[in-house]
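# Observations on the model geometry
Here is how the chains run, residue by residue.
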Amino acid sequence: MAMFVAKTTGPLHEVEEFIRLLAGAEVNVAIGLKRLGHTVSYVTKLGTDPFGTYIENKLKAEGLDTQITKDPEHFTGYQLKGKVEKGDPEVFYYRRNSAASWLSLNDVERVDFTGAKVLHVTGIPPALSLSCRNATYRMIERARENNMLVSFDPNLRPTLWESKEAMVNTINHIASLADVVLPGTGEGLVLMGSENPEEIAEFYRKNGAKTVIVKNGADGAYVDSDEEKGYFKGYKVEHVVDTVGAGDGFAVGVLSAYLEGLPIRDMVDRGNAIGSIQVSVLSDNEGLPTREELDAYMKGAKA
């Protein structure tokens with residue numbers, strides 16, 4: 001989506017000026033992985049409108065391999081985001097019936113999986129439409145056919161779903177098909193009735209996930225896998241600017257470390273590090289670090 005961030009604090013209906021940026025949970029992860037030196041292909045559907053052109057150009061500027069379907073009949077999604085001194089910002093979406101919500105099985109069949117090692121999906125596209133939901137399932141099937149690891153972040157957006165029951169059932173079903181599941185404690189409460197990281201991890205492990213890493217805010221994360229089980233401390237953040245995108249940064253850390261063959265404790269540690277960087281900046285992805293920036297940050301935090 002295109003994202004318009006308020007320049008001033010206050011309710012969105014009173015804001016006069018905005019800054020335009022690029023947003024989207026999956027695109028945040030794609031950009032973060034690319035900045036750390038990994039080859040990333042981003043699959044999406046865009047309208048043939050100014051926002052679509054803006055997004056396509058931004059993706060190319062980040063060096064992403066884009067697999068974009070153009071849709072002349074539907075608009076490109078966008079959102080408004082408020083500015084806050086503390087807490088979470090007000091967010092309003094214009095994405096229902098957007099081009100991305102019309103991603104279809106035919107679009108998925110055209111995706112080139114050659115050489116890919118990881119498929120990362122979230123719970124947002126399945127919320128947009130039945131077409132997008134079926135496309136998500138087919139993406140996972142195709143990833144399996146190509147012997148890829150499947151990573152899944154629930155990324156709950158309750159207002160996009162037709163009902164809470166549909167959201168819970170679909171998200172938990174997709175999680176059962178994934179290798180790595182990345183829920184937050186608040187999402188656990190909604191999806192399976194507990195905020196306890198150990199109970200959340202046990203639930204998804206029993207449902208089929210090989211590794212569950214539960215994001216626990218400033219306290220870090222809890223991991224449950226065959227390789228490791230336990231809590232990992234987070235990084236101290238002096239001033240929280242915006243919590244949106246922190247979970248995407250966490251996924252960047254986890255997946256980049258996995259692709260580099262690092263043990264799971266390093267995957268979680270890097271996830272905690274990038275997640276803490278993300279809450280210190282305004283944009284969803286502008287602050288995602290390069291390799292040099294990440295190494296310096298982690299060394300400095302441990303000094």
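Further up the page is the structure itself.
Residues numbered from 1 in each chain as written. Predicted model: local features only at pLDDT ≥ 70, side-chain atom pairs only at ≥ 80, totals over all residues. Heavy atoms only, no water.

### A look at the overall build of the protein chain
Across its full length, the protein chain holds eleven helices and twelve strands. In terms of overall dimensions, the protein chain is globule-like: its C-alpha atoms have a radius of gyration of 18 Å, near the 19 Å expected for 303 residues. Within the protein chain, buried positions represent 55% of all 303 residues. Long-range contacts, defined here as pairs at least 24 residues apart, represent 65% of the contacts in the protein chain between residues at least 6 apart. Taken as a whole, the protein chain presents about 13,800 Å² of accessible surface, with 50% of it coming from carbon and sulfur. Seen as two clouds, the 33 positive and the 43 negative side-chain charges of the protein chain have centres 2 Å apart. (Helix = DSSP H or I, 4+ residues; strand = E, 2+ residues; numbered from the N terminus. Rg over C-alpha atoms; globule rule 2.2 N^0.38 Å. Buried < 20%, exposed > 50% of the residue type's maximum accessible area, 1.4 Å probe, protein only. Contact = heavy atoms within 4.5 Å. Areas by Shrake-Rupley, 256 points an atom, 1.4 Å probe, with all protein chains shown as cover. Lys, Arg positive; Asp, Glu negative; His and termini not counted. Charge placed at Lys NZ, Arg CZ, Asp CG, Glu CD.)

### Observations regarding the sheet that holds strand S1 (residues 2-9)
Pairing within the open sheet is mixed, and its four strands lie in the order S2-S1-S5-S6. Here the strands that pair on one side only, and so sit at the sheet edges, are strand S2 (18-22) and strand S6 (91-94). Going across the sheet, the axis of each strand differs from the next one's by a mean of 20°, ignoring polarity. Sheet analysis places S1 next to strand S5 (residues 78-83), joined by five bridges and oriented parallel. Note on S5: the bridge partner recorded for Met3 is Gln79. Of the strands in this sheet, S1, S2 and S5 touch helix H2 (residues 50-61), which is tilted by about 55° from S2. (Pairing = 2+ DSSP bridges. Axes fitted to C-alpha atoms, helices over the stretch in contact; angles between N-to-C directions.)

### Thoughts on the packing of helix H9 (residues 246-259) against helix H10 (residues 264-278)
Remark: H9 packs on H10, axes separated minimally by 7 Å, with the N-to-C direction vectors making an angle of 150°. The angle between the axes of H9 and H10 places the two elements in the roughly antiparallel class. The handedness of the crossing between H9 and H10 is right-handed. Of H10, the residues touching H9 (which contributes Ala246, Gly249, Phe250, Val252, Gly253, Val254, Ser256, Ala257 and Tyr258) are Asp266, Met267, Val268, Arg270, Gly271, Asn272, Ile274, Gly275 and Gln278. In the contact of H9 with H10, the residues fall into nine nonpolar, seven polar and two charged. (Parallel < 35°, antiparallel > 145°, perpendicular 65-115°, else oblique. Left-handed = near helix turned anticlockwise from the far one by under 90°. Nonpolar A, V, L, I, M, F, W, Y, C, P; charged D, E, K, R; others polar.)

### As for the environment of Val91
Looking at where Val91 falls in the secondary structure, it is placed in strand S6. Separated by ten residues in the primary sequence, Val91 and Lys81 place their C-alpha atoms 4.5 Å from one another. Not counting the four nearest positions on each side in its chain, Val91 is found in contact with Gln79, Leu80 and Lys81.

### Focus: the nonpolar core
Leu22, Leu59, Leu64, Ile213, Phe250, Val268 and Leu294 are the most contacted members of the largest nonpolar core, which totals 41 residues. Listing elements by their share of this core, those giving two or more residues are S1, helix H1 (25-35), strand S3 (41-47), H2, strand S11 (221-225), H9, H10 and helix H11 (291-302). In this structure, Ile140, Ala166, Ala175 and Tyr222 belong to the second largest nonpolar core, which totals 38 residues. (Core = buried A, V, L, I, M, F, W, Y, C linked by side-chain atoms within 4.5 Å.)

### Some words on the side chain of Asp153
With respect to the helices and strands, Asp153 occurs in strand S8 (residues 149-153). For Asp153, the side chain forms a polar contact with the main-chain nitrogen of Asn155, separated by 3.1 Å. Looking at Asp153, its side chain comes within polar contact range of the side chain of Lys215, at 3.2 Å. With near-sequence residues (within four places) excluded, Asp153 lies in contact with His120, Val121, Thr122, Gly123, Leu182, Glu187, Lys215, Gly247 and Asp248. (Polar contact = N/O pair within 3.5 Å; in protein donor to acceptor, adjacent residues only side chain to side chain.)

### Considerations on the pattern of salt bridges
For the coordinates displayed, the defined rule picks out 19 salt bridges. Linking Glu162 and Arg133 is a salt bridge whose minimum nitrogen-to-oxygen distance equals 3.0 Å. With Glu162 in the loop between S8 and helix H6 (164-176) and Arg133 in helix H5 (residues 130-145), this pair connects stretches of sequence that are 29 residues apart. Judged by relative accessible area, Glu162 falls into the exposed class, the value being 53%. (Salt bridge = Lys/Arg side-chain N within 4 Å of Asp/Glu carboxyl O.)

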